[in-house]
Amino acid sequence: MTDHLTDDEIQQFVLSKSFSNTAAQQHMAMCESCKASAANYAQLFTVIEEAPKPLLEFDVVNMVMPALPKQKQPVVPGDYFIYGLLIAAIGALCIPVYLYKKDLARLFENMASVMIALIAMPVIAILLLQFYHIYKVYKKQMAAIK
Amino acid sequence: MAFTSENNYTDRQLVNRVLGGDAQAFVLIIKSTEGLITQIICRMINSIEDRKDITQDVYLKAYNSLKGFRYSAKLSTWIGQIAYNTCVNYLEKKKLVLPGELPDNETSAGNELNEIEAEVIVTKKALTTILAAEIEKLSALYKTLIVLYHQEELSYADIAQVTNLPEGTVKNYLFRARKKLKENILAKYKKEEL
């Protein structure tokens, strides 16, 4: 009988179910010791494969996700449209003010500054509230779409 | 090459979604790699508290480096590599046994055991119990190689990528790890029989 197969050869045989040379194959067919060794390896590999896998003691997703750095939200095309509209509106308001500034000045020159303040302040407050409301609705709708 | 994850998205699709600001895509990445990362971390790190920090560190590193992922390997292998390197750095920092070292004393029980192997019929139940304990006794590197190959079914090439070792070395270490495991189990079984 030839020398026993090496451990590496036996493992390789169990893993690939084939031999690289016929001498090794013939030896395995006859040698009870090598057969037993191969059977042990086959049993060992099966048990390792079927052994329960370890589990972490915590929820990885819940732990990792809040720790991720906040990404800058990319500017979507819709945002560009809104910004453009806002600039156009401000421009449309500023151009007549610039062109008719003398007439406007004349319009208010006889009014007391207290009166101007009394008119301007509520108007500005209402505009700000309106703007805030529109912005809130817009944000809510965008969140719903996402 | 387009590698596909368990969730049917290709690695490229998932990475692009994350880079485009879709954080939920990263949840899919975590879920598809969690098993592999758990195996690596649990086999290399004993402290439960440190496992937590390391797991978080691994995924944060992966998230921050995602832009640099070049698709030359599977995404799971790449994250596995980050996990392995993070564990190695941890072990080095704590001055614990490094996986690069091969601390397991190669026993000379091989020849002696060959004689008894033919007679020993280890029952599956007993073997499972002994196996769990014996795997834990192996070095961090051997443990990791065994589970990556036999439980996670990674190829030698993938394991080489995860551990930064040459493929031939991975094969060689795996042969030695299996041999050692078999010898230890047989020796243990024999002792219990006596």
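This section reports on the structure supplied with the text. (Residues numbered from 1 in each chain as written. Chains lettered and ligands numbered in written order. Predicted model: local features only at pLDDT ≥ 70, side-chain atom pairs only at ≥ 80, totals over all residues.)

1. Focus: the overall build of chain B
- Looking only at helices and strands, chain B has nine helices and zero strands in total.
- Listing each helix as α and each strand as β along chain B from the N terminus yields α-α-α-α-α-α-α-α-α.
- A total of 194 residues make up chain B; the buried ones form 38% of that total.
- Residue pairs in contact within chain B that sit at least 24 positions apart in sequence constitute 70% of those at least 6 positions apart. (Helix = DSSP H or I, 4+ residues; strand = E, 2+ residues; numbered from the N terminus. Buried ≥ 20, exposed ≤ 12 C-beta atoms within 10 Å, placed from the backbone. Contact = placed C-beta atoms within 7 Å.)

2. Some remarks on the overall build of chain A
- Of regular secondary structure, chain A possesses seven helices and zero strands.
- Mapped in sequence order, the helices and strands of chain A form the string α-α-α-α-α-α-α.
- Looking at the 146 residues of chain A, the share that counts as buried comes to 9%.
- Expressed as a percentage of contacts within chain A between residues at least 6 apart in sequence, the contacts between residues at least 24 apart total 55%.

3. What to know about the interface of chain A and chain B
- Contacts between the two partners involve 32 residues from chain A, matched on the other side by 36 residues from chain B.
- If you list the elements that add at least two residues to the side of chain A that touches chain B, you get helix H1 (7-16), helix H3 (32-50) and helix H4 (60-64) of chain A.
- The dominant element in the side of chain A that touches chain B, judged by the number of residues it contributes, is H3 of chain A, at twelve residues.
- Per-class residue counts for the side of chain A that touches chain B are 19 nonpolar, seven polar and six charged. (Nonpolar A, V, L, I, M, F, W, Y, C, P; charged D, E, K, R; others polar.)

4. What about the packing of helix H3 (residues 48-65) of chain B against helix H4 (residues 75-93) of chain B?
Residue and element names in this part refer to chain B.
- Interhelical geometry of H3 versus H4 gives an angle of 135° and a closest axis separation of 9 Å. When the axis of H3 is compared with that of H4, the two are oblique. Taken as a pair, H3 and H4 cross one another with a handedness that is right-handed. Contact with H3, carried on its side by Asp50, Ile54, Asp57, Val58, Lys61 and Ala62, involves Ile79, Ile82, Ala83, Thr86, Cys87 and Tyr90 of H4 and no other residues of that element.
- Across the contact of H3 with H4, the residue classes tally to eight nonpolar, one polar and three charged. (Axes fitted to C-alpha atoms, helices over the stretch in contact; angles between N-to-C directions. Parallel < 35°, antiparallel > 145°, perpendicular 65-115°, else oblique. Left-handed = near helix turned anticlockwise from the far one by under 90°.)

5. Overview of helix H8 (residues 156-163) of chain B
- Buried within H8 of chain B we find Asp158, Ile159, Gln161, Val162 and Thr163 of chain B.
- Two residues or fewer after H8 of chain B comes Asn164 of chain B, characterised by a positive phi angle close to 60°.

6. Some details on the nonpolar core
Residues and elements named next belong to chain B.
- Formed by 57 residues in total, the largest nonpolar core has its most connected members in Ile41, Ala83 and Leu145.
- For this core, the leading source of residues is helix H2 (residues 23-44), giving ten residues.
- Among all residues touching Ile41, those that are not within four sequence positions of it are Arg51, Ile54, Thr55, Ala83 and Cys87. (Core = buried A, V, L, I, M, F, W, Y, C linked by C-beta atoms within 7 Å.)

7. Brief notes about unusual backbone geometry
Residues and elements named next belong to chain B.
- In this structure, Glu153 takes a positive phi of about 55° despite not being glycine.
- Secondary-structure assignment places Glu153 in the loop between helix H7 (140-150) and H8.
- Even without being glycine, Asn164 reaches a positive phi, approximately 60°.
- Considering the arrangement of structural elements, one finds Asn164 in the loop between H8 and helix H9 (167-193).

8. Focus: H1 of chain A
Residues and elements named next belong to chain A.
- Those residues of H1 that fall on the buried side of the exposure criterion are Ile10, Gln11 and Phe13. Buried positions in H1, seen along its axis, are confined to an arc of 160° and lie on one side of it.
- Of the residues trailing H1, Lys17 is marked for its positive phi of about 60°. (Arc of directions from axis to C-beta.)

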